[in-house]
Amino acid sequence: MIKILKYLKNSVFSIFGIVGLLVLQAFFDLTLPDYTSKIVNVGVQQSGIENAAIVEIGESSLNKLMLFTSELDKNYIYDCYYEDGFVNDTQEKKYALKEDCDLEQVSNILAKPMLILTYIKNANISGNVINFIDVPEGIDPIDMITNMSVEDRLTLLNTINTTVNAMPESIINSTAVEFVKEEYVRLDIDNVKIQNAYIFKTGLMMIVISLATMAVGILTVFVGSRMAAKLGYTLRSKVFKKVVGFSKSEIKTYGQSSLITRTTNDIQQVQSIVVFLLRVVFYAPIIGIGGVVKAYNTNPSMTYVIGIAVLSITSLVIVLFSIAMPKFKIIQKLVDKVNLVTREILTGLPVIRAFSNEKYEEKRFDMANKGFTNTNIFIGRVMSFMMPAMMFIMNIISLIIVYVGAKNVDSGVMQVGDIMAYIQYTMQIISAFLMISTMSIMLPRASVSAKRIIEVIETEDTIKNPVHPEGFDETKKGIIEFQNVSFRYPDADYDVITDINFTAVPGETTAFIGSTGSGKSTLINLIPRFYDVTSGSILVNGKDVKVVDVHDLRDSIGFVPQKGVLFTGDIESNVNYGNEVVDKQNIKEAIRISQAEEFVSKLKGKTKYKITQGGTNVSGGQKQRLAIARAIAKSPDIYIFDDSFSALDFKTDAKLRSELKKATKDKTVIIVAQRISTIMNAEQIIVLDEGKIVGKGTHKQLMKKCKVYKEIALSQLSKEELVNES
């Protein structure tokens, strides 16, 4: 998989952009639980009052609070408040908080005095004893503290601070808020209005953050998808370019179906995982670590709950991973098998129908399909177990958090909103591990696909283009020389052709004939380097084919294979396939010489007649003639016809050879044929038998001295016909 990622080097800026967006998204996601906690703790429980920094306060209440503050804090508070009228219809002054004061510092100073006053008031009302001061019966504790000496008051303050400091901060804050609410009621300030305003403001912030998270998420997916699509394009281009350069040996090694799967399905697998991988690799650690930090800050005593969750999920993933991993390794091979069987059946459909063998092929496809389906079902079952198990773990963890959190709330060390925030943080941490777990399940299959893609890209070509190619010898243009050439197929035990020597020159036709399997097609496939010789050398235009540029070599040859191949398009595009510029006159002439004019002129649109995939809408003979026309239109120095006249009748064959002779009078022509009538007028006929040359010469010469040739000739034509043909 790492080798695949190197193809992302052109997308570095996109990767940095994704990382930045993911950091931003994680920040937003980790911020939302804080606002949820605030709505419950502040908006609901505290009526929208965040802390002890009271905005408006009566003079009497302010003076009472100052009894329990130090001189330094007292001076700071008096500086922070200014006179702002009177309390209702009384003569009591009202003070308002200045906007430039530090609200947190004001809250820290006033919270404990507010707690003390509330405690004294409640104790007085209920008749309880105030444990930090001995108050005589019938005396107001506040009046008593007011009339104390400075020394006694400082001693009392130290005692009170010792008691208050032992209390949880949440109790101090909530009690202070109750004092503020009561003071607001005394001042006729609407607490409900404050509460609604706070909830609306906080809720609006949550909506804004959620929308921002959604926007960032969409943008992240968009950038990631574009980058993955670009990677897919790059990989498909590289694989296709590599496959196009493969020799027949590499094509045979991989198989056409496998190469198609690697170019499509495998690259799609990699493309899909890259988007997910980038998100998980950067997002999961950020959200996981951030969630742990946030949860710890919310309540350190509950951190062990996160440890239980992570350990449970990790154990589950390890178990599922060990079960599913072996299946992921074979799934792509099963895709290859399904493609192979499907391609064979579709290609051989006429033969299957002719032999009424549909049932057998259905069973064969069913076997391949069942293997693939059963493996997918097994993986699906394993994966379907993962999500319910994850949800079970998440629900159990939620119950643990609620149980432990409730006890903390009861003891005053935690608030209800903090429990909700803690659950959200824990779920985010679990989600991060869930994403990593999902990646660990998806990655093996993608890794297999990546390995298959890289395997193709890094395949060493057996047909190598020379690093410093040499140019052709113009004085030997069109000359082909075979010098002691032998060849055997890869992994074969014996040579298919052995010690072949001959020379083909311009203006002459060199023909090959022999029994089936004698090596005729193999021999001519060596000229354009579809294979490389095992020993000996082949010279074209005076140079060994191994030292010249492969493109230049093949560009000098017009090759017509045994099976005529047409491409999707029209007749014109197929005939002009070997040329960069469209020359209609040249196309028309090539069609005339190849004897295709007769049927092309009758087609709707003539040369613009649409050819379907594989040329299935024209007959075998028409396809062969158009393939010959394509070679003629290219006007190369060398023509190679590999049994390209087999689908033609004798009359058309004769006319075509007659016209071809005129068009190629100064060209080198090589013909492989099974019919004696096709080659008997060739200047040089080479007879092959079991990969060796057993005869060489003209028709007349071979009839006299080559037994193999004579047997072939007499098996096709009578003595009289041979005489007449001659």
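Note that the coordinates shown come from a computational prediction; the quantities given were computed from them, not determined experimentally.

Conventions adopted
Residues numbered from 1 in each chain as written. Predicted model: local features only at pLDDT ≥ 70, side-chain atom pairs only at ≥ 80, totals over all residues. Heavy atoms only, no water. Pairing = 2+ DSSP bridges. Helix = DSSP H or I, 4+ residues; strand = E, 2+ residues; numbered from the N terminus. Axes fitted to C-alpha atoms, helices over the stretch in contact; angles between N-to-C directions. Contact = heavy atoms within 4.5 Å. Buried < 20%, exposed > 50% of the residue type's maximum accessible area, 1.4 Å probe, protein only. Lys, Arg positive; Asp, Glu negative; His and termini not counted. Salt bridge = Lys/Arg side-chain N within 4 Å of Asp/Glu carboxyl O. Polar contact = N/O pair within 3.5 Å; in protein donor to acceptor, adjacent residues only side chain to side chain. Disulfide = S-S within 2.5 Å. Patch = residues over 30% accessible without salt bridge, like charges linked within 9 Å, V, L, I, M, F, W, Y side chains within 5 Å. Areas by Shrake-Rupley, 256 points an atom, 1.4 Å probe, with all protein chains shown as cover. Charge placed at Lys NZ, Arg CZ, Asp CG, Glu CD. Expected span 1.5 Å × (residues − 1). Core = buried A, V, L, I, M, F, W, Y, C linked by side-chain atoms within 4.5 Å.

**A short note on the sheet that holds strand β6 (residues 509-514)**
- With mixed pairing, the six strands of this open sheet are ordered in space as β9-β12-β13-β6-β14-β15. The open sheet terminates on both sides in strands that have one partner only, identified here as β9 (557-560) and β15 (692-697). Pairwise comparison of adjacent strand axes, ignoring direction, gives a mean angle of 15° for this sheet.
- Note: strand β14 (residues 684-689) against β15, five bridges, orientation antiparallel. Bridge assignment links Ile686 to a residue of β15, and that residue is Lys696.
- Those strands touched by helix α21 (residues 620-634) are β9 and β12 (638-642), and its axis lies near 180° from that of β9.

**Looking at the side chain of Lys667**
- Its place among the elements puts Lys667 in the loop between α22 (650-663) and β13 (668-672).
- Here Lys667 sits buried without a salt bridge, and the closest side chain of opposite charge, Asp637, lies 4.2 Å off (N-O distance).
- A distance of 3.3 Å separates a polar side-chain atom of Lys667 from the backbone oxygen of Pro636.
- Setting aside residues up to four positions removed in sequence, Lys667 forms contacts with Val505, Pro506, Gly507, Glu508, Ser635, Pro636, Asp637 and Tyr639.

**Concerning the state of the cysteines**
- Tallying each qualifying case throughout the model produces one disulfide.
- Between Cys80 and Cys101 runs a disulfide, and the two sulfur atoms are separated by 2.3 Å. Here the S-S torsion is close to -110°, and the disulfide linking Cys80 with Cys101 is therefore left-handed. In this pair, Cys80 sits in helix α4 (residues 71-80) while Cys101 sits in the loop between β3 (93-97) and α5 (103-126), placing the two residues 21 residues apart along the sequence. Summarising the burial analysis for this pair, Cys80 and Cys101 share the class buried.

**As for the pattern of salt bridges**
- Counted under the stated rule, the structure contains 25 salt bridges.
- A salt bridge links Lys74 to Glu71, with the shortest nitrogen-to-oxygen separation between them at 3.3 Å. Of this pair, Lys74 and Glu71 both sit in helix α4, three residues apart, which is roughly one turn of that helix.
- You can call Lys74 buried: its relative accessible area is 15%.
- Residue Glu71 is classed as exposed on the basis of its relative accessible area of 53%.
- Glu83 serves as the salt-bridge partner of Lys93, at 3.2 Å between the closest nitrogen and oxygen. One end of the pair, Lys93, is in strand β3; the other, Glu83, is in strand β2 (residues 81-86), and ten residues separate them in sequence.
- The exposure class of Lys93 is partly exposed, given its relative accessible area of 28%.
- Here the salt bridges do not stand alone but share partners, grouping Glu589, Arg592, Glu659 and Lys662 into one network.

**Description of the sheet that holds strand β4 (residues 480-487)**
- Across the sheet, which stays open at both edges, the four strands sit in the order β5-β4-β7-β8 with antiparallel pairing between neighbours. Of all the strands in the sheet, just β5 (497-504) and β8 (543-544) have a single pairing partner and so form its edges.
- Sheet analysis places strand β7 (residues 535-540) next to β8, joined by two bridges and oriented antiparallel. Paired with Leu539 across the bridge in β8 is Asp544.

**Overview of a positive patch on the surface**
- Taken together, the side chains of Lys6, Lys9, Lys238 and Lys241 present a region of like positive charge at the surface.
- Tracing the sequence through the fold places Lys241 in helix α9 (residues 191-244).

**Comments concerning the environment of Phe559**
- Tracing the backbone through its elements, the reader meets Phe559 in strand β9.
- For Phe559, a relative accessible area of 22% translates into the label partly exposed.

**A closer look at helix α8 (residues 169-186)**
- For α8, spanning 18 residues, the distance from its first C-alpha to its last is 26 Å, which sits close to the expected 26 Å at 1.5 Å a residue.
- Taken together, the buried positions of α8 are occupied by Ser170, Ile172, Asn173, Thr175, Ala176, Val177, Phe179, Val180, Lys181, Glu183 and Tyr184.
- Where α8 terminates, the next one or two residues include Asp188, which has phi positive at roughly 60°.

**Here's the deal with the nonpolar core**
- Counting 68 residues, the largest nonpolar core has Leu235 and Val274 as its most contacted members.
- Put simply, the parts of the chain that give this core at least two residues each are α2 (12-45), α9, α11 (256-298), α12 (303-347), α14 (358-410) and α15 (416-457).
- For this core, the leading source of residues is α15, giving 17 residues.
- Among all residues touching Leu235, those that are not within four sequence positions of it are Ile4, Tyr7, Ile267, Val270, Ile453 and Ile457.
- Counting 45 residues, the second-largest nonpolar core is a separate cluster that includes Ala590, Val600, Val618 and Met703.

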